[in-house]
Amino acid sequence: MVYILGGWQSDFATVWSRRGMDLSDAFGEALHSGLAATALDPDEIDTGHVGNFTAELFAGQGLLGGFFGQVEPALDGLPTSRHEAACASGSVAVLAATAEIEAGRYDLACVVGIEQMRNVPGQTAAEHLAAAIWQGHEYQDATFVWPRAFSDLAEEYDQRYGLDYAHLMRISEINFANARRNPNAQTRSYSFAPEAFTDDDEANPVIEGRTRKMDCGQVTDGAAVIFLASPKRAAEYAAKRGIPLDRLARISGWGHRTAPIGYAGKVAASAGQRYVFPQVRRAIEDARARAGVSDLGQIDVVETHDCFAATEYMAIDHLDITEPGEAWKAIEEGVIDRGGSLPVNPSGGLIGAGHPVGATGVRMLLDSFKQVTDQAGDYQVDGARRAQTLNIGGSTTTTVSFIVEQAA
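Residues numbered from 1 in each chain as written. Predicted model: local features only at pLDDT ≥ 70, side-chain atom pairs only at ≥ 80, totals over all residues. Heavy atoms only, no water.

Asker: Explain the overall build of the protein chain to me, using residue names and the numbers behind them.
Answerer: The helix and strand inventory of the protein chain stands at 14 helices and 11 strands. Relative to the 2.2 N^0.38 estimate, which gives 22 Å for 408 residues, the radius of gyration of the protein chain is 20 Å and therefore close to what a compact globule would have. Dimensions of the protein chain along its principal axes, counting C-alpha atoms only, are 55 × 45 × 40 Å. Out of the 408 residues in the protein chain, the part that is buried amounts to 61%. At a minimum sequence separation of 6, the contacts of the protein chain that also span at least 24 residues come to 77%. Carbon and sulfur atoms form 47% of the exposed surface of the protein chain, whose accessible area is close to 14700 Å². (Helix = DSSP H or I, 4+ residues; strand = E, 2+ residues; numbered from the N terminus. Rg over C-alpha atoms; globule rule 2.2 N^0.38 Å. Buried < 20%, exposed > 50% of the residue type's maximum accessible area, 1.4 Å probe, protein only. Contact = heavy atoms within 4.5 Å. Areas by Shrake-Rupley, 256 points an atom, 1.4 Å probe, with all protein chains shown as cover.)

Here is the structure:
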């Protein structure tokens, strides 16, 4: 059992280069703000992990584990690692940190998820992010690779089950509305005309294939940090600071699956199967099984990967909120609304809150921590005590899911 002591998230609306910040500045801000938020001293940290996808391409910077000692002299000598799994990089960093704690190597880990993406032109950013496709084998004719890939997913759903674009736009509308309540969301001050959530070519232009502007998650600079602890260290932390243990959260289950990198092969292999992406479904089931969750009713809130509206549409049925191909029912019935029976992405998700790739998985864990400990502020889901995350890298190549619940 691994406990979450707390953490910190940067303002995803901030463009670091406009503040004169580089990647190490942002790392230092995240680390020190996280320490302050949790009332931890640097010398209490036993191990450090970084989730990041493309720092070499966006910032010309590798070896990010060295930033711990660079920005905080007390951490000179700290054992650190950097982890990459495209958009699931942050979650894979968390998996590595939890494994160290469960193995008894260390008792307190710091996990930083970080990505700088708004320091280059949009087309350059798209080219950098295309590093997660099967280079030289797919999408060579696409200007914007990921809008094209998830256009193909929308097309697949349409062919298998039928798909109404209005349902995809309702997903985006919900996530943008949720983001207005989140003080760290990139789009919290955005406003849209009603026509933006339609297939109007002027108000909602096509980006690639079936993907339009309002389908898309946000290109974002951002960092998130969480502190993970063994049961012993968590109990000591709570006692030392005079807080009840239920002000902490625990990771009670995890799932981690990896499929082949190419999109077409994954979809072809699932023909005739119950789910479009069987490995996504297995990661979800693995997390629930390890947490002892046997019924969807035991989950109170979900933070899922909505890099595009079609991704969340897929996640809804893979999470068993509906039968396969029937995500539209949960959308129409208000199940996934903030006040619905199973709110999805009360933070605003990737569409509303923003998507700094390497930070997203860590941000999901932090938001889950906030939800189950009643610390989510204006986007708090009433009575939330157990959350599930679903973080996806590439075209569902890497999938990681966590169950987070209030500490007992």
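Back to the text.
Asker: A description of the side chain of Ser-91 should follow, citing residues and the corresponding values.
Answerer: Residue placement: Ser-91 occurs in helix H4 (residues 89–102). Residue Ser-91 is classed as buried on the basis of its relative accessible area, which comes to 0%. Not counting chain neighbours up to four residues away, the residues in contact with Ser-91 comprise Gly-361, Asn-391, Val-400 and Phe-402.

Asker: Any chance you could break down the nonpolar core for me, citing the residues and the numbers?
Answerer: The nonpolar side chains of a soluble globular protein tend to be buried, and buried together. In this structure, Trp-146, Leu-153, Phe-277, Tyr-313, Ile-316, Ile-321 and Ile-336 are the most contacted members of the largest nonpolar core, which totals 65 residues. In terms of residue count, helix H6 (residues 145–160) provides more of this core than any other element does, 7 residues in total. Leave out the neighbours within four places in its chain, and Phe-277 touches Leu-153, Tyr-263, Lys-266, Val-267, Met-314, His-318, Ser-395 and Thr-396. (Core = buried A, V, L, I, M, F, W, Y, C linked by side-chain atoms within 4.5 Å.)

Asker: Tell me about the environment of Gln-298, and name the residues and values.
Answerer: With respect to the helices and strands, Gln-298 occurs in the loop between helix H10 (278–291) and strand E9 (301–304). On a C-alpha basis, the gap between Gln-298 and Ala-387 in space is 9.0 Å, while along the polypeptide they are 89 residues apart. Apart from residues no more than four positions distant in its own chain, Gln-298 is found in contact with Gly-292, Val-293 and Arg-386. A polar atom in the side chain of Gln-298 sits 2.8 Å from the backbone nitrogen of Ser-294. Looking at Gln-298, its side chain comes within polar contact range of the main-chain nitrogen of Asp-295, at 2.8 Å. (Polar contact = N/O pair within 3.5 Å; in protein donor to acceptor, adjacent residues only side chain to side chain.)

Asker: Give me the lowdown on H6, citing residues and values where you can.
Answerer: The terminal C-alpha atoms of H6, which comprises 16 residues, lie 23 Å apart, in line with the 22 Å expected from a rise of 1.5 Å per residue. Burial in H6 covers these residues: Val-145, Trp-146, Pro-147, Ala-149, Phe-150, Ser-151, Leu-153, Ala-154, Glu-156 and Tyr-157. In this structure, the buried residues of H6 make contact with helix H5 (122–129), strand E5 (206–208), strand E6 (211–212), helix H9 (263–269) and helix H11 (309–318). Positive backbone phi, approximately 90°, marks Gly-162, located one or two places after H6. (Expected span 1.5 Å × (residues − 1).)

Asker: With reference to specific residues and values, describe the layout of surface pockets.
Answerer: Any space left empty among the atoms is revealed by the rolling of a water-sized probe across them. Approximately 810 Å³ is the volume attributed to the largest pocket. Along the wall of the largest pocket there are 31 residues; nearest its centre are Pro-147, Cys-216, Gly-217, Gln-218 and Val-219. Counting only elements with at least two residues in the lining of the largest pocket, the list comes to H5 and H6. Here the lining of the largest pocket is composed, by residue class, of 23 nonpolar, 6 polar and 2 charged. Here the second largest pocket is characterised by a volume of approximately 230 Å³. Contributing to the lining of the second largest pocket are 14 residues, with Leu-5, Gly-6, Ala-37, Phe-369 and Gln-375 lying nearest its centre. (1 Å grid on protein atoms, 1.4 Å probe; cavity = no way out; pocket = protein on both sides within 12 Å on 5 of 7 lines; lining within 4 Å. Points joined across faces, edges and corners; volume = space filled by probe spheres on them. Nonpolar A, V, L, I, M, F, W, Y, C, P; charged D, E, K, R; others polar.)

Asker: Which residues make up unusual backbone geometry, and what values go with them?
Answerer: Backbone geometry at Ala-86 places phi at a positive 55°, although glycine is not the residue there. Mapping Ala-86 onto the fold places it in the loop between strand E3 (80–83) and H4. Note on Ala-86: relative accessible area 5%, which makes it buried. Not every positive phi belongs to a glycine, and Asp-374 is a case in point at roughly 60°. One can find Asp-374 in the loop between helix H14 (360–372) and strand E10 (386–393).

Asker: Could you give me a rundown of the side chain of Ser-172, with the residues and numbers involved?
Answerer: Position of Ser-172 among the secondary structure elements: in helix H7 (residues 165–179). A distance of 2.7 Å separates the side chain of Ser-172 from the backbone oxygen of Met-214, its partner in a polar contact. In contact with Ser-172, not counting residues within four places along its chain, are Phe-197, Met-214, Asp-215, Ala-309 and Ile-351.

Asker: Account for the packing of aromatic side chains, with residues named and values stated.
Answerer: For the structure shown, the criterion picks out 11 aromatic pairs. Pairing Tyr-263 with Phe-277 gives two aromatic rings, centres 6.4 Å apart and planes at 70°, and the pair type is edge-to-face. Here Tyr-263 is found in helix H9, whereas its partner Phe-277 is found in the loop between H9 and H10, with 14 residues between them in sequence. Each residue in the set Phe-176, Tyr-190, Phe-192 and Phe-197 is aromatic and connected to the rest through ring pairs, giving one cluster. One Lys or Arg, Arg-290, reaches over the ring of Trp-254 and ends 3.6 Å from the middle of that ring. (Phe/Tyr/Trp six-rings, centres within 6.5 Å; stacked < 30°, edge-to-face > 60°. Lys NZ or Arg CZ within 6 Å of the ring centre and 35° of its normal.)

Asker: Quick rundown of the packing of H6 against H11? Include the residues and the values.
Answerer: Where H6 contacts H11, the axes come no closer than 9 Å and their chain directions differ by 50°. Taken together, the axes of H6 and H11 are oblique relative to one another. Crossing handedness for the pair H6 and H11: left-handed. The residues of H11 that touch H6, namely those facing Phe-150, Leu-153, Ala-154 and Tyr-157, are Ala-310, Thr-311, Tyr-313, Met-314, Asp-317 and His-318. (Axes fitted to C-alpha atoms, helices over the stretch in contact; angles between N-to-C directions. Parallel < 35°, antiparallel > 145°, perpendicular 65-115°, else oblique. Left-handed = near helix turned anticlockwise from the far one by under 90°.)

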